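# Architecture and fold: a report
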Amino acid sequence: MHISIKGRKWAVIFCPLKDIPMKNGETLLGLCDYDNKTIFIADTTHGEERLATLTHEVLHAVDDKLTEKRVKDLANGVARALWKLGYRRIES
Ligand SMILES: [Zn+2]
């Protein structure tokens with residue numbers, strides 16, 4: 001699946017957790033690969049966790065200058081609000 005972020009085409013790939021590189025010894029549920037314009041999301045995520053992970057990685061793609069803490073705060077707030085408002089993924 002591809003999406004456009006600030007006019008650039010990005011791939012979004014849902015893959016096994018083991019295919020997402022670890023960072024600082026930590027297992028990641030998502031990764032934003034700027035060089036390849038690809039967002040990886042663990043296919044083990046579901047529901048609000050997937051929404052929060054996807055929001056987090058998209059925010060990194062939108063602004064690579066944001067700190068990790070800022071991205072976490074924004075993503076968690078946006079995902080929580082959207083989930084509470086009833087936004088859900090529709091499988092097509
Ligand atoms: Zn992050």
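It should be noted that the structure appears before, not after, this text.
Residues numbered from 1 in each chain as written. Predicted model: local features only at pLDDT ≥ 70, side-chain atom pairs only at ≥ 80, totals over all residues.

A general tendency of soluble globular proteins is for nonpolar side chains to be buried together. One finds Ile39, Phe40, Ile41, Leu51, Ala52, Ala75 and Ala79 to be the most contacted residues of the largest nonpolar core, which totals 14 residues. Residues in contact with Ile39, not counting those within four places in the same chain, are Trp10, Val12, Gly30, Cys32, Glu57, Val58 and Ala61. (Core = buried A, V, L, I, M, F, W, Y, C linked by C-beta atoms within 7 Å. Buried ≥ 20, exposed ≤ 12 C-beta atoms within 10 Å, placed from the backbone. Contact = placed C-beta atoms within 7 Å.)

Looking now at the sheet that holds strand β1 (residues 2-5). Strand order in this open sheet of 4 strands is β1-β2-β4-β3, and the pairing throughout is mixed. Both edges of this open sheet fall to β1 and β3 (30-33), since each of them pairs with a single strand only. With direction set aside, neighbouring strand axes in the sheet form an average angle of 25°. By the bridge criterion, 4 bridges tie β1 to strand β2 (residues 8-15) in an arrangement that is antiparallel. For Ile3, the partnering residue across the bridge sits in β2 and is Trp10. (Pairing = 2+ DSSP bridges. Helix = DSSP H or I, 4+ residues; strand = E, 2+ residues; numbered from the N terminus. Axes fitted to C-alpha atoms, helices over the stretch in contact; angles between N-to-C directions.)

Positionally, Val12 belongs in strand β2. Once you skip the residues sitting within four places of it in the chain, Val12 turns out to touch Met1, Ile3, Ile39 and Ile41.

For helix α2 (residues 68-84), which comprises 17 residues, the first-to-last C-alpha distance of 24 Å matches the rise-based estimate of 24 Å (1.5 Å per residue) to within 8%. All of the buried residues in α2 are Val71, Ala75 and Ala79. Considered in projection along α2, the buried side chains sweep an arc of 45° and stay on one side of the axis. Set apart from the buried face of α2 by more than 90 degrees, the exposed residues are Lys69, Arg70, Gly77, Ala81 and Lys84. Contacts made by the buried residues of α2 are with α1 (47-62). Directly beyond the C-terminal end of α2, a positive phi value near 100° is found at Gly86. (Expected span 1.5 Å × (residues − 1). Arc of directions from axis to C-beta.)

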